[in-house]
Amino acid sequence: MIASFVQPWSWLAVAIAAVFLLRMMAHGLRLRRQVEFAQQLLELLHLAVQREQSLEPLMQRAASEARPLEQRWLSRIASKLGEGSSLRDALHAGAKRCFPAHTLAAIAAAEGTAQLAAVLGDLARRQDRARALRYQVLLAASYPALLSLLLVGLGSFWSFATWGREFTGIQRFELGLVASIAAVTCCGFWLLLAFGWGHGPWTRLLAGTARRLPWLGMRLRLLPAARAMRACSALIASGASLPMALRQAAHAAADSRCKANFADAAELAERGGLPEQVWQRSGLPAFVVARLLRMQSSREQLASGLREVADLCDRRCADSLQRTVSVLQPAVVLGFGVLVALQFSSLFSWLDHCRSIAMEQMPW
């Protein structure tokens, strides 16, 4: 009897949704393996470079002990290293999707210098912190996503129940447009965090859009600035001039605006601009410029100061994200409570109708 109320197209919609969710889950598990592989490989490379070990036989030994997918990646990396490719080119050719562009740019900037081991270790630590922060945001988004499913399920149940209104007399129920948009947005955001986050063009587009937000965007722009400053620090510590360091570090930012600002700052430094003018032209925040101008007495102090300020930018961005999540989560939950309360009248009408039918069918 229940199956007679269900329209044929609804089964097709459910099947398409199930296939889409399974595809997203498979994609997400693959992305998770890629992230874990990249972090473990960066840690291994950090130890190998620090101990001055040869990388090609190390990759071959690691490939012999890895799972099939990681074995293919490691074998290609070892093959490229054996052909004489640089570490950056070997990682790009062997496991391109595992490493974002800014990671490869940071490795390329430090390769051939004494700072390579420190850069690899820092990349591994930052990737671990970024993954932990992402999981915190995912957990915070889980409760609003569950409320969204509850709201959508309630609306779907009502729509299903009204297909039998000729038997039950239930009036038509429509889930509100605002409630539908809020539920789909929360569920989509959770799915994106859980299964759809990678290093592709869509991710870069979403990240660029997030950096243009009024309040949070200003904090998110600290991340590409921190990446560029770390690369600049490694280059300056290895003996590069400030214009060359700025120009090379621009590629490690993985942000078009930050890249353009660093390139302009490099041109200004080549023309003999004052340090204050150069750093202000780089587009860095005011507190960063003020700290850097106090650390320019020597090359070592400037390199150390760039690393310290980059760490400060990372901490400020992480703190801002955590504060934003802690504020948005109760606000979203309260908003869903309001949306559900606005439609309680229909729910109570249906419950009262069910009570009336049950009372009529009682033998007494």
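All figures in this text were calculated on a predicted structure; none of them were measured in a lab. (Residues numbered from 1 in each chain as written. Predicted model: local features only at pLDDT ≥ 70, side-chain atom pairs only at ≥ 80, totals over all residues. Heavy atoms only, no water.)

Asker: Would you mind going over the overall build of the protein with me for this structure?
Answerer: Broken down by element type, the protein carries 18 helices and zero strands. Within the protein, the fraction of its 364 residues that count as buried is 40%. Taking all contacts inside the protein whose residues are at least 6 apart in sequence as the whole, residues at least 24 apart take part in 64%. Summing over all exposed atoms, the protein offers an accessible surface of approximately 20,600 Å²; the carbon and sulfur share of this is 62%. (Helix = DSSP H or I, 4+ residues; strand = E, 2+ residues; numbered from the N terminus. Buried < 20%, exposed > 50% of the residue type's maximum accessible area, 1.4 Å probe, protein only. Contact = heavy atoms within 4.5 Å. Areas by Shrake-Rupley, 256 points an atom, 1.4 Å probe, with all protein chains shown as cover.)

Asker: Hey, could you run me through a nonpolar patch on the surface in this one?
Answerer: A cluster of nonpolar side chains, Tyr143, Leu146 and Leu149, forms an exposed patch at the surface whose accessible area comes to about 330 Å². With respect to the helices, strands and loops of the structure, Leu146 is situated in helix α7 (residues 116–162). Owing to a relative accessible area of 55%, Leu146 belongs among the exposed residues under this scheme. (Patch = residues over 30% accessible without salt bridge, like charges linked within 9 Å, V, L, I, M, F, W, Y side chains within 5 Å. Salt bridge = Lys/Arg side-chain N within 4 Å of Asp/Glu carboxyl O.)

Asker: What's the story with the packing of helix α5 (residues 87–94) against helix α6 (residues 101–110) in this structure? I'm lost.
Answerer: Each pair of packed helices gets described by two things: the angle between the helix axes and the distance between those axes. Their axes nearest at 8 Å, the elements α5 and α6 cross at an angle of 155°. As the angle between them shows, α5 and α6 are arranged roughly antiparallel. Residue-level contacts link Leu87, Arg88, Leu91 and His92 of α5 to Leu104, Ile107 and Ala108 of α6. Among the residues forming the contact of α5 with α6, the class breakdown is five nonpolar, one polar and one charged. (Axes fitted to C-alpha atoms, helices over the stretch in contact; angles between N-to-C directions. Parallel < 35°, antiparallel > 145°, perpendicular 65-115°, else oblique. Nonpolar A, V, L, I, M, F, W, Y, C, P; charged D, E, K, R; others polar.)

Asker: Quick question: what am I supposed to make of the pattern of salt bridges here?
Answerer: Close approach of charged atoms allows side chains of opposite charge to pair. All chains considered together, the criterion is met by twelve salt bridges. The salt bridge partner of Asp89 is Arg88, with a shortest N-O separation of 3.2 Å. Residue Asp89 is classed as partly exposed on the basis of its relative accessible area of 36%. The partner of Asp122 in a salt bridge is Arg230, with the nearest N and O atoms 3.0 Å apart. Of the two residues, Asp122 is situated in helix α7 and Arg230 in helix α12 (residues 222–237); the sequence distance between them amounts to 108 residues. Pair check on accessibility: Asp122 and Arg230 agree, each one buried. Each of the salt bridges in this network shares a partner with another, and the network as a whole consists of Asp122, Arg126, Arg230, Asp311 and Asp314.

Geometry only, nothing functional implied.
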